[in-house]
Amino acid sequence: MTEAVGKEIAVEGVDPRELYGPQNAYLELIRAKCPELKLIARGSSLKVLGADQEVARFEKHFAGLVAYYLKYGHLSSQVIDQCFAEGYSASDKPLDKDVLVYGNNGMIIRARTANQQRLVELYDKNDLLFAIGPAGSGKTYTAIALAVRALKEKQVRRIILTRPAVEAGEKLGFLPGDMKDKLDPYLQPLYDALNDMIPPLKLQKFIEDGTVQIAPLAYMRGRTLDNAFVILDEAQNTTLSQIKMFLTRMGRNARFIVTGDVTQIDLPRRSDSGLQRVMSILGPVKGIGTVTFDKGDIVRHPLVKEIVEAFDKNARREDMERKLMETKHENKE
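Residues numbered from 1 in each chain as written. Predicted model: local features only at pLDDT ≥ 70, side-chain atom pairs only at ≥ 80, totals over all residues. Heavy atoms only, no water.

## Examining the overall build of the protein
Turning to step 1, where the next piece is worked out: Regarding its fold elements, the protein presents 11 helices and 11 strands.
Turning to step 2, where the next piece is worked out: Relative to its 333 residues, the protein shows a buried fraction of 43%.
Turning to step 3, where the next piece is worked out: If you sum the accessible surface of the protein, you get close to 18500 Å²; carbon and sulfur atoms cover 52% of it. (Helix = DSSP H or I, 4+ residues; strand = E, 2+ residues; numbered from the N terminus. Buried < 20%, exposed > 50% of the residue type's maximum accessible area, 1.4 Å probe, protein only. Areas by Shrake-Rupley, 256 points an atom, 1.4 Å probe, with all protein chains shown as cover.)

Now the structure itself:
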C-alpha cells in the first residue's frame, strides 16, 4: 500500500482569498474533486496529504488552476471542473471565447452591443481607434476591458488612462490635499472601471509600480509611450493642439483609443473642441479605426436612453427654430 505523504505547495502571485473563493467556496469544490486527499490551507501555501501518486496528480492540476487565474483573472465552478479534468492544459482557451476579461467576483465582461463588438474587432486591425458616442454606451468601459486584457496577455507592459481635467459646468474652487488628491475626482470614472476588472490589492500594486497609470492630459506632454495601452477619455474636452500633443506620444508597440461624446462639451466655447476636427484631419490615414456609438448601445439604466433621446429631440427643435429665425432676419434685410 502506498504510504501517505505530505507536500507543501506555495501559492505564488495570487491572493489565496481570491483563489479559494468567498468563504473558501472554491477550495471546497477542489476538495470535492480530490476526495482521496486532505487539503489544508495555510496562508500563502496549501498542504496536501495523501498517496504520492495522487499528490503529484493534484499538484499538476492545481498548477493549471493557478496558471488559468493568472492569465484570465477569473475562477468559477466551471473553470475548476475544466482545470481538474484529465488532459487539461494551461494553454487551453477559456470556456467563454467572446469574453474580454473576467472581472471581480466572477463578473464576465464582454461586448454587449453591435458597436461594442465592432470596437473589439477593429482593435485587432488598428493601432489607433476613435470611439465616439453618447453617455452610457460602453465606449470607455469596453476600451478599458481591452486594455486590461492586453495587459494580462502581456501584449503591453502598462496601461495609461488619461482625460482632461475640465469641470462639467461647475466651479469647484479650491480642493484640499496634494496634487493626486486634487486630480482624482476628475479621474474617478476610470478608477471605477478598473475596480470592476482588477482585484483591489493587485490594482493598488499596479498603480504603485506604474503598471497602471491614471493621469490628467497635461501630464502627457513630453512623454514617449512605448509598450503601452493608452486611453484618452472625454476627448471632446480637448482642443485641437491638446489632442495632437496626445496622439504624437505614441511609441513602439503602443495602442491608443480615444473616446468622447461631442454632445457633452464642457469647454467655455464649444467651438474649441478638437475631437471632430482631428477625426476629419486623420480620416485618410491608414491604421486608424472609428466606431460611432448611438442610443442603441446605451447599457445603463433604461431611462438613460430616454433621457438622451429627449435631449436630442430638444436640440433638433432648437436648431430648427434658430434656422427659422435666421431666415426671417435675412428676409427682412
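## Considering a nonpolar patch on the surface
Turning to step 1, where the next piece is worked out: A cluster of nonpolar side chains, namely L303, I307 and F311, defines an oily patch on the protein surface of about 330 Å² accessible area.
Turning to step 2, where the next piece is worked out: With respect to the helices and strands, I307 occurs in helix α11 (residues 302–332). (Patch = residues over 30% accessible without salt bridge, like charges linked within 9 Å, V, L, I, M, F, W, Y side chains within 5 Å. Salt bridge = Lys/Arg side-chain N within 4 Å of Asp/Glu carboxyl O.)

## What about the environment of P164?
Turning to step 1, where the next piece is worked out: Examined against the element boundaries, P164 turns out to sit in the loop between β7 (158–163) and α7 (179–197).
Turning to step 2, where the next piece is worked out: With 52 residues separating them in the primary sequence, P164 and P216 have C-alpha atoms 5.5 Å apart.
Turning to step 3, where the next piece is worked out: When near neighbours in sequence (up to four residues on either side) are disregarded, P164 contacts L217, L232, D233, E234, N237 and T238. (Contact = heavy atoms within 4.5 Å.)

## Section: the pattern of salt bridges
Turning to step 1, where the next piece is worked out: If you walk through the whole model with that rule in mind, you get 11 salt bridges.
Turning to step 2, where the next piece is worked out: With its nearest N and O atoms 2.9 Å apart, the salt bridge here joins E59 to K7. Here K7 lies in strand β1 (residues 4–10) and E59 lies in helix α3 (residues 52–72), a separation of 52 residues in the sequence.
Turning to step 3, where the next piece is worked out: Residue K7 is classed as partly exposed on the basis of its relative accessible area of 34%.
Turning to step 4, where the next piece is worked out: Between R31 and E28 there is a salt bridge, with the nearest N and O atoms lying 2.6 Å from each other.

## Structural notes on the confidence of the model for the protein
Turning to step 1, where the next piece is worked out: Residues with a pLDDT of 70 or more make up 86% of the protein, whose mean pLDDT is 83.
Turning to step 2, where the next piece is worked out: Low confidence marks residues 168–173, where pLDDT is under 50. Its contacts with residues over four positions away, or in another chain, come to four contacts. (pLDDT = per-residue confidence, 0-100.)

## Points about the pairing of strand β10 (residues 255–260)
Turning to step 1, where the next piece is worked out: β10 sits mainly inside the fold: six of its six residues count as buried.
Turning to step 2, where the next piece is worked out: Here β10 shows no split at all, with R255, I257 and T259 on one side and F256, V258 and G260 on the other all buried.
Turning to step 3, where the next piece is worked out: Where strand β6 (residues 128–132) meets β10, five bridges bridge the pair, whose relative direction is parallel. Looking across to β10, one finds that I132 is bridged to G260.
Turning to step 4, where the next piece is worked out: Two strands pair when backbone bridges link them, and strand β9 (residues 228–232) and β10 are joined in this way by four bridges, in the parallel orientation. Bridge pairing in β10 links V230 to F256. (Pairing = 2+ DSSP bridges.)

## Concerning the side chain of S45
Turning to step 1, where the next piece is worked out: One can find S45 in strand β3 (residues 45–51).
Turning to step 2, where the next piece is worked out: Within the structure, the side chain of S45 is placed 2.9 Å from the side chain of E8, a separation counted as a polar contact.
Turning to step 3, where the next piece is worked out: The contact partners of S45, leaving out residues within four places of it in the chain, are E8, I9, A10, V11, Y20 and I40. (Polar contact = N/O pair within 3.5 Å; in protein donor to acceptor, adjacent residues only side chain to side chain.)

## Notes on unusual backbone geometry
Turning to step 1, where the next piece is worked out: Even without being a glycine, K154 presents a positive backbone phi close to 60 degrees.
Turning to step 2, where the next piece is worked out: Looking at where K154 falls in the secondary structure, it is placed in the loop between α6 (139–152) and β7.
Turning to step 3, where the next piece is worked out: Its relative accessible area of 73% is what places K154 among the exposed residues.
Turning to step 4, where the next piece is worked out: Phi angles above zero are rare outside glycine, and N253 is one such case at about 50 degrees.
Turning to step 5, where the next piece is worked out: Note on placement: N253 falls in the loop between α9 (240–247) and β10.
Turning to step 6, where the next piece is worked out: Since its relative accessible area comes to 44%, N253 is described here as partly exposed.

## Structural notes on the pairing of strand β8 (residues 212–216)
Within a regular beta strand, the side chains point alternately toward one face of the sheet and then the other, so they alternate between its two faces.
Turning to step 1, where the next piece is worked out: Summarising burial for β8: four of the five residues are buried, a large majority.
Turning to step 2, where the next piece is worked out: Relative to β8, β7 runs parallel, the two sharing five bridges. Along β8, the bridge assignment pairs I160 with Q213.

## Digging into the environment of L217
Turning to step 1, where the next piece is worked out: The topology assignment puts L217 in the loop between β8 and β9.
Turning to step 2, where the next piece is worked out: Remark: the alpha-carbon pair of L217 and D233, spanning 16 residues in sequence, is separated by 9.4 Å.
Turning to step 3, where the next piece is worked out: Apart from the residues lying within four places of it in its own chain, the contact partners of L217 are T162, R163, P164, L232, T238, Q242, M245 and F246.

## What to know about the packing of aromatic side chains
Turning to step 1, where the next piece is worked out: This structure, assessed with the given rule, holds four aromatic pairs.
Turning to step 2, where the next piece is worked out: Ring centres of F58 and F62 lie 5.5 Å apart, and the angle between their planes is 15 degrees; on these two criteria the pair is classed as stacked. With a gap of four residues between them, F58 and F62 both fall in helix α3, about one helical turn apart. Here F58 matches F62 in class, with each residue buried.
Turning to step 3, where the next piece is worked out: Ring centres of F58 and F84 lie 5.9 Å apart, and the angle between their planes is 45 degrees; on these two criteria the pair is classed as tilted. Here F84 lies in the loop between α4 (77–83) and β4 (99–102) and F58 lies in helix α3, a separation of 26 residues in the sequence. (Phe/Tyr/Trp six-rings, centres within 6.5 Å; stacked < 30°, edge-to-face > 60°.)

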